[in-house]
Amino acid sequence: MKDIESRIHETDQDSGYFIVADKVWGKKDKFVNYYMVQSCANDDWFLVDGGLKWSSSNIIEMAADLFGAGHLPKGIFLTHGHFDHSGSLPELLHHWDVPVYAHELELPYLTNQSAYPPADPEVGGGIMSALSFMFPQGPINISSNVRKLPGDGSIPGFSEWRYINTPGHSPGHVSLFREHDSVLLAGDAFLTTKAESAYHAFTYKESVSGPPKYFTYDWGLAKESVEKLCALSPSVAATGHGKPITSPQLAFELNNLLNNFDVIAVPEFGRYVNEPAIVNKFGLASCPQRTGLMPIIKKVVAYSSLLLSACVIAYRWKKS
């Protein structure tokens, strides 16, 4: 049997999922990942993050393939509740009436109390950033299923795993860590691709970077979170966007990210660069003012859309 390192990028051609580590599988849906993790002690399993709005059928199909039809997860664990990590939950919970665990500071965005801090399209880096003002920013309402994660860092029912508070990208962002083999599910605390670039985001071109710039509301906390994860010395890391990466490359890239965080991760311009949004247990309390680039960005997006439409029309006319 091949070891995990040699299988890390293997993909099942029929189902499309990939192997992260022993009893850990992931799947890419357009530009975001979700993960399924089985217990080392029994057949119980849990889902990590819920993907996009249309991901529920793909998640159910993957679960049936891995664990058998009708074998429900013991729970769903959210690294955070942004639209691309929780989008399928309202639909998915119609099929699986299971608890959804999230950090206390994520609960307002999952119980219809508060929207997240507004996206910051001024951060640059690509079309995903420029379009981010159009991305859903919540809240959703899964009040009947959502549960607060225990305060001791444990994962209910899965003693080999613990969670680490890694805020900055979102108020209650957490990452999951398995102690005995140092497997890290980092969510969006850092990435192995560039979320701001559509080319990187959809092709998963490898580039270890900070959290998605357009949704990160507190860069000081984001850097502290990367420092926490770097100190864990993970053997393999799977992130919310991008392919899994293993050490020694992982150790080198994480240390490089931490040591050069202000250059690699923090944007040169942006709403939250010099001042974070203020959040509390009730959700968003206040936001710094925009830098004034937003009208320009909207014009650029509008003109780009018109140009793209014109090119498509011209191509079709020429073809006909």
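Presented here is a report on the structure given in the accompanying data block. (Residues numbered from 1 in each chain as written. Predicted model: local features only at pLDDT ≥ 70, side-chain atom pairs only at ≥ 80, totals over all residues. Heavy atoms only, no water.)

## Things to note about the overall build of the protein
Each helix and strand in the protein was counted, giving eleven helices and 14 strands. Per-residue burial for the protein yields a buried fraction of 52% across its 320 residues. For the protein, the share of sequence-separated contacts (at least 6 apart) that also reach a separation of at least 24 residues comes to 64%. For the protein, the computed accessible surface area is about 14600 Å², with 54% contributed by carbon and sulfur atoms. (Helix = DSSP H or I, 4+ residues; strand = E, 2+ residues; numbered from the N terminus. Buried < 20%, exposed > 50% of the residue type's maximum accessible area, 1.4 Å probe, protein only. Contact = heavy atoms within 4.5 Å. Areas by Shrake-Rupley, 256 points an atom, 1.4 Å probe, with all protein chains shown as cover.)

## Observations regarding the pattern of salt bridges
Counting across every chain of the model gives three salt bridges. Here Arg162 and Glu179 are joined by a salt bridge, their closest N and O atoms 2.2 Å apart. One end of the pair, Arg162, is in strand β8 (residues 161–165); the other, Glu179, is in the loop between β9 (174–178) and β10 (183–187), and 17 residues separate them in sequence. For Arg162, a relative accessible area of 29% puts it in the partly exposed group. According to the relative accessible area criterion, Glu179 is partly exposed, its value standing at 43%. (Salt bridge = Lys/Arg side-chain N within 4 Å of Asp/Glu carboxyl O.)

## A word on the layout of surface pockets
Put simply, the largest pocket is a space of about 320 Å³. Looking at the largest pocket, it is lined by 19 residues, and the ones nearest its centre are Leu52, Lys53, Phe83, Gly87 and Pro136. Considered class by class, the residues forming the lining of the largest pocket number eleven nonpolar, six polar and two charged. (1 Å grid on protein atoms, 1.4 Å probe; cavity = no way out; pocket = protein on both sides within 12 Å on 5 of 7 lines; lining within 4 Å. Points joined across faces, edges and corners; volume = space filled by probe spheres on them. Nonpolar A, V, L, I, M, F, W, Y, C, P; charged D, E, K, R; others polar.)

## Looking at the packing of helix α8 (residues 219–231) against helix α9 (residues 249–259)
Two numbers describe a pair of packed helices, the interaxial angle and the distance between the axes. The interhelical angle for the contact between α8 and α9, taken along N-to-C directions, is 150 degrees, at an axis separation of 10 Å. Looking at the two axes, α8 sits roughly antiparallel to α9. For the pair α8 and α9, the sense of crossing is left-handed. In this structure, α8 contributes Lys223, Val226, Glu227, Leu229 and Cys230 to the contact, and α9 contributes Leu254, Asn255, Leu257 and Leu258. (Axes fitted to C-alpha atoms, helices over the stretch in contact; angles between N-to-C directions. Parallel < 35°, antiparallel > 145°, perpendicular 65-115°, else oblique. Left-handed = near helix turned anticlockwise from the far one by under 90°.)

## Section: the environment of Gly16
Relative to the helices and strands, Gly16 resides in the loop between α1 (4–7) and β1 (17–21). Judged by its relative accessible area of 31%, Gly16 is partly exposed.

So far we have only geometry, and geometry alone does not tell us how the molecule works.
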